[in-house]
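Read off the chains here:
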Amino acid sequence: GTEFIDSYVFNRVEHIRFNSTVGRYVGYTEYGVKNAEAWNKGPQLGQEQGELERFCKHNAEIYYRAILDKT
């Protein structure tokens, strides 16, 4: 399947990541953990899932159709 990852990096350190396989935000630093907890309860999670539906699934369909057309 397809996996969508959206990383939030500041000063070259990844603080938070949205992973479509997990379906929520995961924090990697103390700051990131606190924000991930808040984002998982707020509107950000729905927005991220909307991006997944709108962008990834649409483009994956086009990509796979192009591959099938070549075979």
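Residues numbered from 1 in each chain as written. Predicted model: local features only at pLDDT ≥ 70, side-chain atom pairs only at ≥ 80, totals over all residues. Heavy atoms only, no water.

In the nomenclature of an unreviewed UniProt entry, the protein corresponds to MHC class II antigen beta from the organism Oncorhynchus kisutch.

Q: Any chance you could explain the packing of aromatic side chains here in plain terms?
A: How two aromatic rings sit relative to each other is set out by the distance from centre to centre and by the angle between their planes. The full count for this structure, using the stated rule, is five aromatic pairs. Here Tyr 8 and Trp 39 contribute two aromatic rings whose centre-to-centre distance is 5.1 Å and whose plane-to-plane angle is 75°, an arrangement assigned as edge-to-face. Taken together, the residues Tyr 8 in strand β1 (residues 5–10) and Trp 39 in helix α1 (residues 30–41) connect sequence positions 31 residues apart. A residue is classified by how much of its surface remains accessible, and Tyr 8, at 31% relative accessible area, is partly exposed. A centroid spacing of 5.1 Å and a plane angle of 75° characterise the contact between Tyr 25 and Trp 39, whose relative ring orientation is edge-to-face. Here Tyr 25 is found in strand β3 (residues 24–27), whereas its partner Trp 39 is found in helix α1, with 14 residues between them in sequence. (Phe/Tyr/Trp six-rings, centres within 6.5 Å; stacked < 30°, edge-to-face > 60°. Helix = DSSP H or I, 4+ residues; strand = E, 2+ residues; numbered from the N terminus. Buried < 20%, exposed > 50% of the residue type's maximum accessible area, 1.4 Å probe, protein only.)

Q: What should I look at first to understand unusual backbone geometry in this one?
A: Excluding glycine, a negative phi dihedral is what most residues carry, and trans is how most peptide bonds are arranged. Backbone geometry at Asn 11 places phi at a positive 50°, although glycine is not the residue there. Along the chain, Asn 11 falls in the loop between β1 and β2 (13–19). What makes Asn 11 exposed here is its relative accessible area of 62%. One non-glycine residue, Arg 12, lies in the positive phi region at around 65°. In this structure Arg 12 comes out as exposed when scored by relative accessible area, which is 84%.

Q: Looking at this model, I keep getting lost on the pattern of salt bridges. Mind explaining?
A: Where charged atoms of side chains with opposite charge meet at close range, the side chains can pair. Under the defined criterion, the tally for this structure stands at two salt bridges. Here Arg 17 ties to Glu 14 by a salt bridge, and the two come within 2.9 Å at their closest N and O atoms. For Arg 17, a relative accessible area of 23% puts it in the partly exposed group. Exposure remark for Glu 14: the relative accessible area of 22% places this residue in the partly exposed category. Measuring nitrogen to oxygen at the nearest pair gives 3.7 Å for the salt bridge that ties Lys 34 to Glu 30. In this pair, Lys 34 and Glu 30 are both assigned in helix α1, four residues apart and thus about one turn of the helix distant. For the pair formed by Lys 34 and Glu 30, the shared burial category is exposed. (Salt bridge = Lys/Arg side-chain N within 4 Å of Asp/Glu carboxyl O.)

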